[in-house]
Amino acid sequence: YGITAEVTDEVGDPVTLTGAFTVAAVPDASRLTLTLQPGDGDVVGVGAPIVVRFDQEVTDRAAVEGAMSVASAPQVVGSWHWVSSTEAHFRPREPWLAGTRIGVNLDLNGVRAGDALWGGRAYTYEFTIGEAQLAAVDAAKHTMTVTVDGASVGAWDASLGRPEFATRNGTYIVLAKDETKQMTSCSADITCDANSPEYYDLEVDWSVRLTWSGTFVHSAPWSEGSQGNANVSHGCINLSDANGRTYYELARYGDLVTVTNSTRDASDLVASGDPGMVDWNLPWSEYVAGSALGRPITTDAFAG
């Protein structure tokens, strides 16, 4: 940068002062880095939050949040919410409308995120909301009903968690899916003792993840006799092999799955910041209270 200053000396004569300085690049050790979800160009479900996961702890959250903007068509009221010092989410007050186009601009270049921590670049990307794919699961009726843009896809028999492993009530988002997944009682923090009656080590087909803690919708041929009349799982939502495959092929990141009439609430997973439940199980006022700026925002007009 060059500097020119017109001043006067001690006797009032004009003097021109010139100078220059160079601003160093942010050292790698002091550079704020991050990952984003959804990805650029993705088509996602109506419940999909914008998730920013920082690789370093952000102590000046207000400065960072103030540099992050969202545009959409149509425009909506939404809010940022800090799940932790390394993770911020944005969601609209109500689920996105199908077909909404969204642009994200994180203009973090030069933003101070903490002691000796600075943003070193800007991030911009766009994604689209697909059809409204909604699943309603009734633990008392042992059913799972799926609609796409209001049209019924199926009303299926299901089995949820038995009383000591009751599936949590609440609204989940689809996080990921695997055609085949190895599921164990040890990884689910139930038991690692192979002699325990609760021990299991199963290769499970058509698995759709709803929480990082281990809640899935998946096919369960072994419980088909109970599906529709009893809850017998360790907390997952069991479907027949055919219905499990149908839902697996339909599901995508951000689709909403709502469980009602169970005996367990979602408070523990909301408190822990589980990405499957933290966004849609807080009253709106509490979600906004998690913003570093303490207020909702109206998205900018999307110009893409």
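The coordinates are above.
Residues numbered from 1 in each chain as written. Predicted model: local features only at pLDDT ≥ 70, side-chain atom pairs only at ≥ 80, totals over all residues. Heavy atoms only, no water.

Caption draft 1: Looking closely at the sheet that holds strand 24 (residues 300–301). Taken together, 5 strands build an open sheet; the order of strands is 5-13-10-7-24 and the sheet is mixed. Both edges of this open sheet fall to strand 5 (43–44) and strand 24, since each of them pairs with a single strand only. In this structure, strand 7 (residues 68–73) lies alongside strand 10 (residues 101–107), joined through 6 bridges in antiparallel fashion. Bridging across to strand 10, S72 finds its partner in I102. (Pairing = 2+ DSSP bridges. Helix = DSSP H or I, 4+ residues; strand = E, 2+ residues; numbered from the N terminus.)

Caption draft 2: Just the sheet that holds strand 9 (residues 87–92), in detail. The 5 strands lie next to each other as 4-6-9-8-23, forming an open sheet whose pairing is antiparallel. For this open sheet the edge positions go to strand 4 (34–37) and strand 23 (297–298), each flanked by a neighbour on one side alone. Alignment of strand 8 (residues 77–84) against strand 9, held across 6 bridges, turns out to be antiparallel. Paired with W80 across the strands is F90, a residue of strand 9.

Caption draft 3: Examining unusual backbone geometry more closely. The residue after Q37, namely P38, is reached through a cis peptide bond having omega 0°. Within the secondary structure layout, P38 lies in the loop between strand 4 and strand 5. Following A73, the chain continues to P74 via a peptide bond in cis, the omega torsion being 5°. Relative to the elements of secondary structure, P74 occurs in the loop between strand 7 and strand 8.

Caption draft 4: The arrangement of the environment of A155 in detail. Positionally, A155 belongs in strand 16 (residues 151–157). Looking at A155, the relative accessible area reads 62%, which means it is exposed. Along the backbone, A155 and N243 are 88 residues apart, and their C-alpha atoms lie at a distance of 9.5 Å. (Buried < 20%, exposed > 50% of the residue type's maximum accessible area, 1.4 Å probe, protein only.)

Caption draft 5: Focus on the pairing of strand 14 (residues 133–138). Alignment of strand 14 against strand 15 (residues 143–148), held across 6 bridges, turns out to be antiparallel. Paired with D138 across the two strands is T143, which belongs to strand 15. The turn linking strand 14 back onto strand 15 is made up of 4 residues, and H142 within it adopts a positive phi angle of 60°. Pairing of strand 14 with strand 22 (residues 256–260) involves 5 bridges; the strand directions are parallel. In the strand pairing of strand 22, V137 is matched with V259.

Caption draft 6: Inspection of the state of the cysteines at higher detail. Applying the stated rule across the entire model yields 1 disulfide. Paired by a disulfide, C186 and C192 hold their sulfur atoms 1.9 Å apart. Of note, the bridge from C186 to C192 carries an S-S torsion of about 75° and is right-handed in sense. Judged by its relative accessible area of 33%, C186 falls in the partly exposed class. Overall, C192 belongs to the exposed group, its relative accessible area being 53%. Of the cysteine sulfurs around C236, a residue in no disulfide, the closest is that of C186, at 16 Å. The class of C236 is buried, set by a relative accessible area of 12%. (Disulfide = S-S within 2.5 Å.)

Caption draft 7: Spatial organisation of the pattern of salt bridges. Taken as a whole and assessed by the stated rule, the structure comprises 10 salt bridges. Note that E198 is salt-bridged to R162, the shortest N-O span being 2.3 Å. Within this pair, whereas E198 is found in the loop between strand 18 (176–184) and strand 19 (201–209), its partner R162 is found in the loop between strand 16 and strand 17 (170–173), the two being separated by 36 residues in sequence. The same class applies to E198 as to R162, namely buried. Bridged by salt links that share partners, the residues E131, R252 and D255 form one connected network. (Salt bridge = Lys/Arg side-chain N within 4 Å of Asp/Glu carboxyl O.)

Caption draft 8: Local environment of the nonpolar core. Of all hydrophobic cores here, the largest spans 36 residues; its most connected members are I50, F54, V64, M68 and L108. Contacts of F54, omitting those with residues within four sequence positions, involve L32, T33, L34, V64, M68, W82, T86, E87 and L108. Among the nonpolar cores identified, the runner-up in size contains 27 residues, and M144, W156, Y172 and L282 belong to it. (Core = buried A, V, L, I, M, F, W, Y, C linked by side-chain atoms within 4.5 Å. Contact = heavy atoms within 4.5 Å.)

Caption draft 9: Quick look at the environment of I297. When you line up the elements, I297 lands in strand 23. In this structure, the C-alpha to C-alpha distance between I297 and A116, residues 181 residues apart in sequence, is 29 Å. Each residue touching I297, except ones within four places of it in the same chain, is listed here: V76, V77, G78, W80 and F90.

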